[in-house]
Structures are given as structure tokens and as C-alpha cells.
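Structural overview for review
If you want the building blocks of each chain, they are given just below.
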Protein chains: 2
Amino acid sequence: MARTPAPGTRDTILTAAAGLFYEHGVRAVGMAQVVEAAGCGKNLLYKHFPSKAELAAAYLTLSRREWERSVTEALRWSADPAERLISLVTEVAESVQRPGYRGCPFRNYLTEFPGETDEPARVAEAYLADSRAQVNRLVTGAGGSGLLADRIWLVVNGLYSAEPAQAQVAVDWITELVRGDA
Amino acid sequence: MARTPAPGTRDTILTAAAGLFYEHGVRAVGMAQVVEAAGCGKNLLYKHFPSKAELAAAYLTLSRREWERSVTEALRWSADPAERLISLVTEVAESVQRPGYRGCPFRNYLTEFPGETDEPARVAEAYLADSRAQVNRLVTGAGGSGLLADRIWLVVNGLYSAEPAQAQVAVDWITELVRGDA
DNA sequence: GTCTATAGTGGGATAGAC
DNA sequence: GTCTATCCCACTATAGAC
């Protein structure tokens, strides 16, 4: 009897893998662990993700998609670049304060695999470049200088590795900076 | 071929291990690689460092010692807290721009081993706490507020993961901040 | 005695066969 | 879904060179 494939098998596996990868790091998590957490067989996993690198790339792509969905949601309330930038930073600050926060998945991957040029590394680097460009666009759109964009990018970067308690400091500061310069 | 009666065997091994650990990450480097790079036997390695964790802890301790030596050197030219803070940040900025820079070894370790509480993790966390306290001390010594210290710590954190080209932006900004507030 | 070289242990990794 | 192949891991132990 040929069994019809379960509807969300790929998503189930990917979700399980994403949780493990984010919590423990990609390198520390084995495919067997993913199989156990997903509750599927190993063959099914390799059918959907032929290698660990592809699974890691899918994990990062999923992280990006989820993150950008919540950012888009946060930014849709205002068309003013300054307000949008503040909303974006607020979104970062909130994520940093969430329980279970363990750093930026993209920066983490690049730290775990320095000098790597495989697909997950490209996904991570593409996100960082796009994210940087978005900050630049919002700052200049708000009438801010390139220097201000550089400074705000420094603070955003710092936000990702600082203690969660400092998140509000960053939000307030950037609000002050972007409103004062706009 | 028995070489000279151990002139600096421990240092030779540790130096080799430190280079590999920093460049590729602790997790990615195997003890066999360390043996090969150090040009010694496996037995000797395990005599000096009974486990990989102890070798990693020694690597981080060495990194801290070297870093603090260059910081002490940079700070000895002024007794003024504001100038000392600027020198400290300049030192960070210079290290970030050095070829082969691959991030902060302590932050990197904690990213590679999230939630770990072994000796290397304690060394890394102790350094970060002490480093943060030093910034606090310098800022308040320069007449700056706790808020300014928080902000400067954000920028310093950001400096470690930003592109090297932004290092000067950070130095200039902190110079402006600490001189304006002092 | 101090070191190198090498063989080997148990475990866990990715990956694939059936 | 189980079972296996192959490899690399940290780590140990043995045997021999200087």
C-alpha cells in the first residue's frame, strides 16, 4: 500500500532542525538528533534535504523569512523612513529580549564556519548585506548622512551581542539620533 | 629524534593551537591537527594539556594575556580616563583591522559552545565581564553617566562584528562622545 | 628518560542501502 | 524504518628512537 506523503513533512523536519540548530549551534547538532526531534525516519530526512548543508541553508532561509515577515508587519504602520527605522530597531530589540535568545542566526553561522563559502554561508552573508543596505536606505531616506547610517549599523551590530538589558538603551539612542538628524 | 630538553614545548603547542583555534574555530580543529601543526607527538600534547577543554582554556587565557598586554601598553601614556578610554577603543579598532581578523575569540567561543559552563566558557565570560567593567570605570572616571557607558559598550560590541572599514567611525564617535560629555 | 610514531578504543558523525 | 559503511573525533596505550 503506497502511503501518501504527510502534508507538512518537510516543514516538520525543518522546524525541528531549526530549533536545534539555533539553540545548540549547527555544528553541535547531528542529523540523528534532527531525525529524533522530527520523529521521522532518516531516509525521509535525506529525501527532503540531501545533505546537512542543504538543511542548514533551509534553516537560515526559514529564519530570514520569519524575521522579515515580522519586520514587514512592524514597518507597515508608517511610511516615514525615520519611524520605520525606529520600528525596525525596536523589532531587533524585542527579539533580543525574548527568552531563548541566542544571538543572530546568520552571524552565529558565520562564526561557526569561518571562511566557508557554501550555500548556508551565502544565505547568511546575503542577509547581512541586505540588512545593512536596508538600514542605509532608511537612514538616508530620513535625511540622515552616510556617517549616521554607519553609526546606527554599529549600534545594531552591538545590540545583537550585548546583554538584553541594553536593548532599550539602543532603541532610545537610535530614536534620538534619527529624530535629531532628520 | 629527541630534541632539546623542552625549551618551550608547552608554548610551542599552545601557539600552534591558538592559531588554529582562532582561524577555524575551536570546534572545527581536531587534536590531530594541533599535533601536526605543533610538530610534536600526540603523547606530549596530552601531557601538557590533558583534554581539549584545557587546551581551549589555555588558548583563551593566552589571548586574554596578549590582548591585555597591548592594552596596558596603549594606556600607559595617559592618566586621564577619557584619553585612556579613547586609547582602548583605538586599540580594539586596530585589532579589528588587522589582516586575519576573525572576531573576538571570547565571543566566538561562547557562540560555538552556547550554554557551556566548562573552563574555557568561564574564561571567556570572565573576560567579557571584566572588559565591560573596565569600560564602565573609564567612562564614569571621565565624568560620563552610566547611560554613556552603556552606549559606548554597545558601540564596542558592534565594532567586533562590523566590517573593519567602520572601525574609524567607531573611534571617532566614541572620541566625540567622551570628550563632549566629560 | 623524554620524546615520536603508531595502533587502537569507543563513540558519533554523515551518508546511503535495503 | 532499520541496518550498515566509512570516516573522524577525543583519548589511551604501546613500542621504539635518541
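Computed from a prediction, not measured in an experiment: that's the story for all the values here.

Quick word on the overall build of chain A
A tally of regular secondary structure across chain A gives 9 helices and 0 strands. Each helix (α) and strand (β) of chain A, taken in turn from the N terminus, gives the series α-α-α-α-α-α-α-α-α. Counting only C-alpha atoms, chain A reaches 65 × 30 × 30 Å along its principal axes. Looking at the 182 residues of chain A, the share that counts as buried comes to 51%. Here the analysis covers contacts within chain A between residues at least 6 apart in sequence; of these, 66% occur between residues at least 24 apart. When the accessible area of chain A is evaluated, it comes to approximately 8900 Å², of which 53% is carbon and sulfur surface. Charge separation in chain A, taken as the distance between the mean sites of 19 positive and 22 negative side-chain charges, equals 6 Å.

Points about the UniProt feature "DNA-binding region" (unreviewed entry) in chain A
The UniProt record marks residues 30–49 of chain A with the feature "DNA-binding region" (unreviewed entry), using the residue numbering of this structure. Helix makes up 75% of residues 30–49 of chain A and strand 0%, and the two end C-alpha atoms of the span are 14 Å apart.

Quick look at the protein's contact with DNA strand C
Every one of the 15 residues lining DNA strand C counts as a neighbour, but Met31(A), Lys42(A), Lys52(A), Gly41(B) and Lys47(B) are closest to it. Taken together, the sugar and phosphate atoms account for 63% of what DNA strand C places within 4 Å of the protein. Here Met31(A) contributes a backbone N or O atom positioned 2.6 Å from a phosphate oxygen of DNA strand C. Take Lys52(A): an N or O atom from its main chain is 2.9 Å from a phosphate oxygen of DNA strand C. When contributions to the surface near DNA strand C are tallied by element, the ones reaching two or more residues are α3 (42–48) of chain A together with α3 (42–48) of chain B. By residue number, the principal contributor to the surface near DNA strand C is α3(B), which donates 4 residues. Tallied by class, the residues present in the surface near DNA strand C amount to 6 nonpolar, 5 polar and 4 charged.

Here we look at the nonpolar core
Ile152(A), Leu45(B), Leu55(B) and Ile152(B) are the most contacted members of the largest nonpolar core, which totals 132 residues. There are two domains that each give this core at least three residues, and those are domain 1 (1–50) and domain 2 (59–181) of chain B. Here Leu55(B) is in contact with Leu14(B), Ala17(B), Phe21(B), Met31(B), Val34(B), Leu45(B) and Phe49(B), once residues within four sequence places are set aside.

Here's the deal with the protein's contact with DNA strand D
In the vicinity of DNA strand D, 13 residues are found, and the nearest of them are Asn43(A), Met31(B), Lys42(B), Asn43(B) and Lys52(B). A share of 48% is what sugar and phosphate atoms reach among the atoms of DNA strand D within 4 Å of the protein. Here a base nitrogen of DNA strand D sits 2.3 Å away from a polar atom, N or O, in the side chain of Lys42(B). A distance of 2.7 Å separates a phosphate oxygen of DNA strand D from a polar backbone atom of Lys52(B). At the level of elements, α3 of chain A together with α3 of chain B are the ones that each hand at least two residues to the surface near DNA strand D. Sort the elements by how many residues they give to the surface near DNA strand D and α3(B) lands first, with 3 residues.

So, the relation of the copies chain A and chain B
Superposition of chain A onto chain B requires a rotation of 180 degrees combined with a translation of 0.0 Å along the rotation axis, giving an RMSD of 0.1 Å. Taken together, the turn and the small shift mark the pair as related by a two-fold rotation axis. Closest to the rotation axis within chain A is the C-alpha of Gly158(A), separated from it by 1.7 Å. Comparing interface residues between copies, 100% of those in chain A also sit at the interface in chain B, which points to an isologous, same-surface contact.

Thoughts on the packing of helix α6 (residues 105–112) of chain A against helix α7 (residues 119–141) of chain A
Residue and element names in this part refer to chain A. Between α6 and α7, whose axes approach to 9 Å, the crossing angle comes to 135 degrees. Viewed along their axes, α6 and α7 adopt a mutual orientation that is oblique. Judged by the twist between their axes, the crossing of α6 over α7 is left-handed. Of the residues in α7, those in contact with Phe 106, Arg 107, Tyr 109 and Leu 110 of α6 are Pro 120, Ala 121, Ala 124, Glu 125, Tyr 127 and Leu 128.

Regarding the packing of aromatic side chains
Tallying each qualifying case throughout the model produces 7 aromatic pairs over all chains. Note on Tyr109(A) and Phe113(A): the rings are 4.6 Å apart at their centroids and 25 degrees apart in plane angle, and the pair reads as stacked. Across the pair, Phe113(A) and Tyr109(A) agree in class, each one buried. Over the ring of Trp77(B) we find Arg76(B); its NZ or CZ atom is 4.4 Å from the centre of that ring.

Details of the state of the cysteines
Overall, the coordinates contain 0 disulfides over all chains when judged by the stated rule. With no disulfide of its own, Cys104(A) lies 17 Å from the sulfur of Cys104(B), the closest cysteine sulfur.

Considering the side chain of Ser95(A)
All names here are of chain A. Looking at the element boundaries, Ser 95 is found in helix α5 (residues 81–97). For Ser 95, a relative accessible area of 13% gives the class buried. Beyond its immediate stretch of four places on either side in the chain, Ser 95 contacts Trp 67 and Tyr 101.

Topic: the pattern of salt bridges
The full count for this structure, using the stated rule, is 14 salt bridges over all chains. In this structure, the salt-bridge partner of Arg151(B) is Glu176(A), at a minimum N-O distance of 3.1 Å. In this pair, Arg151(B) is assigned in helix α8 (residues 146–161) and Glu176(A) in helix α9 (residues 167–181), connecting two distinct chains. We classify Glu176(A) as partly exposed; its relative accessible area is 49%. The salt bridge partner of Asp130(B) is Arg64(B), with a shortest N-O separation of 2.8 Å. You can see Asp130(B) sitting in helix α7 (residues 119–141) and its partner Arg64(B) sitting in helix α4 (residues 52–75), a full 66 residues away along the chain. A single network of salt bridges, built from pairs that share partners, joins Arg64(A), Glu68(A) and Asp130(A).

Rules and cut-offs
Residues numbered from 1 in each chain as written. Chains lettered and ligands numbered in written order. Predicted model: local features only at pLDDT ≥ 70, side-chain atom pairs only at ≥ 80, totals over all residues. Heavy atoms only, no water. Helix = DSSP H or I, 4+ residues; strand = E, 2+ residues; numbered from the N terminus. Buried < 20%, exposed > 50% of the residue type's maximum accessible area, 1.4 Å probe, protein only. Contact = heavy atoms within 4.5 Å. Areas by Shrake-Rupley, 256 points an atom, 1.4 Å probe, with all protein chains shown as cover. Lys, Arg positive; Asp, Glu negative; His and termini not counted. Charge placed at Lys NZ, Arg CZ, Asp CG, Glu CD. UniProt positions renumbered as here; feature names shortened; annotations may be inferred. Near = heavy atom within 4 Å. Polar contact = N/O pair within 3.5 Å; in protein donor to acceptor, adjacent residues only side chain to side chain. Nonpolar A, V, L, I, M, F, W, Y, C, P; charged D, E, K, R; others polar. Core = buried A, V, L, I, M, F, W, Y, C linked by side-chain atoms within 4.5 Å. Domains from an automatic or database assignment. Least-squares fit on C-alpha atoms with pLDDT ≥ 70 in both. Axes fitted to C-alpha atoms, helices over the stretch in contact; angles between N-to-C directions. Parallel < 35°, antiparallel > 145°, perpendicular 65-115°, else oblique. Left-handed = near helix turned anticlockwise from the far one by under 90°. Phe/Tyr/Trp six-rings, centres within 6.5 Å; stacked < 30°, edge-to-face > 60°. Lys NZ or Arg CZ within 6 Å of the ring centre and 35° of its normal. Disulfide = S-S within 2.5 Å. Salt bridge = Lys/Arg side-chain N within 4 Å of Asp/Glu carboxyl O.

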